[in-house]
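Architecture and fold: a report
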Amino acid sequence: MYRLSTFMLFLALGIVFQQSHGIEVNVTDKGKLCLYANLMVNFSISYEVTGNKSETVKFQLPDEAETSGSECSATTSTLKLNFWDGHSWSINFTSSGKIYQAGAIVFSYNLNDTKRFPNSTSNETVTVTVKPHMINIGMDTCYSCKSDDLIEADMVNQTLSDVLIQAFVSGGSKSDNLTTCAADIPTTAVAPTTNATSTTTAIPTTNVTSTTLPTTTTPVPTIPTPTTGKYNVTASDNKTVCLLATFGLRIGLLQNNKYEEMNLDPNVTTVHGLCGVNSSDLVLVSGPLTLMFTFTNDTKKFHLHALNITGNTGSGVTFSEANTNLSLWEAAITSSYMCNKEQNSTITDALTLFTFNLQVQPFGVKKGLFSTAHECSMDDVSILIPIIVGAALAGLIIIVVIAYVIGRRKTYVGYQTL
């Protein structure tokens, strides 16, 4: 009995150790280490089952995941982990000078995996894209975050913990220097000097203005019109263009009664993204500024469903604004959406988006070209025709009535004279 109890105790301890163990990854380029990662990711996924019910499964990113698809370069790095039957998890990074940051986490799970998703009513592979808050990481440092970081989506929750990542390894050896996340820093302690980049590194966006926001007036943009950029996303399987976007972009941000505007400079912006059947993502990274556009469709029409923006203001203040319930830029799924005139959209109470020369097509791109455009109401002059005709008819009626009244009055005066 004692031996059995001892065996069960060791077994329990073994299970706990198994659950607390993360995955360690070494990505090499030409035989040298270029990306290092050691982290834990726990998933909680809700899915539909027979009987019009839902179930929730929980599992951890396994340590036997394969790294095919991971890659490194001077300015971009991607860690991709493939596991089990058609599941994958990836995170990409971009660098700008002395700092780097995470762009997006892309998690794909296969509902046809009956071992993990028993009785699922769907056999599709679902893809979820989220934005982690990993910014202003020193180039010769590892990003370290032992605390739990919960990232929520519609049906999927991901919890990152015990994270240690160096996305750009120089000289083939991992650095011992750390950029520590805010959650790990005690409130009474001084922040590590490696985080000082957030206040000394300029945002590579152009034309930044800052004004104190009056409480009774709406701020008017005073900076030049932003440069129009062209942004394409290619499919991972066949390298064909699957998402097209062209626009000039300005961000208006309100923080602590101070209103600030920033133009996105396409010349220093890198493009990432992912194309799916019902959802596509466009991720733009410009220094510490990251924008994630999520488009969805109902098989007939598409629209901009979510927008997530994180970064630093011109004064170095970190911000994060998101809205996951938008209905902007709607068009038929076989067409593109176009609006050449300036549009301004209120995303949150603190964030306004200004677009110029806008055209997007997140689904059904053929031969890398935009399909027939659905024009916004401001561009569509055809709606002015009934307005003009109606105004002309109204004016004609008024003239006839006035002429009739004048004629009747003259006749009445003539009878009085007689």
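Residues numbered from 1 in each chain as written. Predicted model: local features only at pLDDT ≥ 70, side-chain atom pairs only at ≥ 80, totals over all residues. Heavy atoms only, no water.

**Here we look at the overall build of the chain**
In terms of regular secondary structure, the chain is built from three helices and 27 strands. Relative to its full complement of 418 residues, the chain shows a buried share of 44%. Sequence separation of at least 24 residues holds for 56% of the intrachain contacts in the chain that already meet a minimum separation of 6. (Helix = DSSP H or I, 4+ residues; strand = E, 2+ residues; numbered from the N terminus. Buried < 20%, exposed > 50% of the residue type's maximum accessible area, 1.4 Å probe, protein only. Contact = heavy atoms within 4.5 Å.)

**Concerning a nonpolar patch on the surface**
Residues V389, L393, L396 and V400 make up a contiguous nonpolar surface patch of roughly 360 Å² in combined accessible area. Mapped onto the elements of the fold, V389 is located in helix α3 (residues 384-417). On the accessibility criterion, V389 (43% relative accessible area) is partly exposed. (Patch = residues over 30% accessible without salt bridge, like charges linked within 9 Å, V, L, I, M, F, W, Y side chains within 5 Å. Areas by Shrake-Rupley, 256 points an atom, 1.4 Å probe, with all protein chains shown as cover. Salt bridge = Lys/Arg side-chain N within 4 Å of Asp/Glu carboxyl O.)

**Quick notes on the pairing of strand β19 (residues 279-286)**
Burial analysis of β19 places seven of its eight residues in the buried class, the great majority of the element. In the sheet, strand β18 (residues 270-275) pairs with β19 via six bridges, with the strands oriented antiparallel. Bridged to L274 within β19 is D281. What sits between β18 and β19 in their antiparallel hairpin is a turn of three residues. The loop that links β19 with its antiparallel partner strand β20 (residues 289-297) comprises two residues; one of these, G287, has a positive phi angle of about 65°. (Pairing = 2+ DSSP bridges.)

**Points about the state of the cysteines**
As enumerated under the stated definition, the model contains four disulfides in all. What pairs with C34 in a disulfide is C72, and their sulfur atoms sit 2.1 Å apart. Judged by the torsion about the S-S bond (65°), the C34/C72 disulfide is right-handed. One end of the pair, C34, is in strand β2 (residues 32-49); the other, C72, is in strand β4 (residues 71-72), and 38 residues separate them in sequence. With a relative accessible area of 10%, C34 lands in the buried category. In this structure C72 comes out as buried when scored by relative accessible area, which is 19%. The side chain of C242 participates in a disulfide bridge whose partner is C275; the two sulfur atoms lie 1.9 Å from each other. Residues C242 and C275 are joined by a disulfide whose S-S torsion is about 80°; by sign, that bridge is right-handed. You can see C242 sitting in strand β16 (residues 241-255) and its partner C275 sitting in strand β18, a full 33 residues away along the chain. Take C242: its relative accessible area is 13%, and that puts it in the buried class. (Disulfide = S-S within 2.5 Å.)

**Considering the nonpolar core**
Core analysis: the largest hydrophobic core is formed by 44 residues, its most contacted members being F43, I45, L79, W89, F93 and F107. No other element matches β2, which puts nine residues into this core. Setting aside anything within four residues of it in sequence, one finds L79 in contact with V25, V27, L35, A37, S70, W89, S90 and I91. (Core = buried A, V, L, I, M, F, W, Y, C linked by side-chain atoms within 4.5 Å.)

**Digging into the environment of G314**
With respect to the secondary-structure elements, G314 resides in the loop between β21 (301-312) and β22 (318-323). Taking the C-alpha atoms as reference points, G314 and M262, separated by 52 residues in sequence, lie 8.2 Å from one another.

**Description of the packing of aromatic side chains**
Describing an aromatic ring pair means giving the distance of the ring centres and the angle of the ring planes. Tallying each qualifying case throughout the model produces 16 aromatic pairs. Taking 4.3 Å as the distance between ring centres and 15° as the angle between the ring planes, the aromatic pair formed by F43 and F107 counts as stacked. Of this pair, F43 sits in strand β2 while F107 sits in strand β7 (residues 99-110); the two residues are 64 residues apart in sequence, bridging distant segments of the chain. In terms of burial, F43 and F107 fall into one category: buried. Seen in terms of ring centroids, F247 and F293 are 5.9 Å apart; in terms of plane orientation they differ by 50°. Their pairing is tilted. Of this pair, F247 sits in strand β16 while F293 sits in strand β20, placing them 46 residues apart in sequence. Each member of the pair F247 and F293 is classed as buried. One Lys or Arg, R116, reaches over the ring of W84 and ends 3.8 Å from the middle of that ring. For the cation-ring pair, K174 lies above Y36, with the distance from its terminal atom to the ring centre recorded as 5.2 Å. (Phe/Tyr/Trp six-rings, centres within 6.5 Å; stacked < 30°, edge-to-face > 60°. Lys NZ or Arg CZ within 6 Å of the ring centre and 35° of its normal.)

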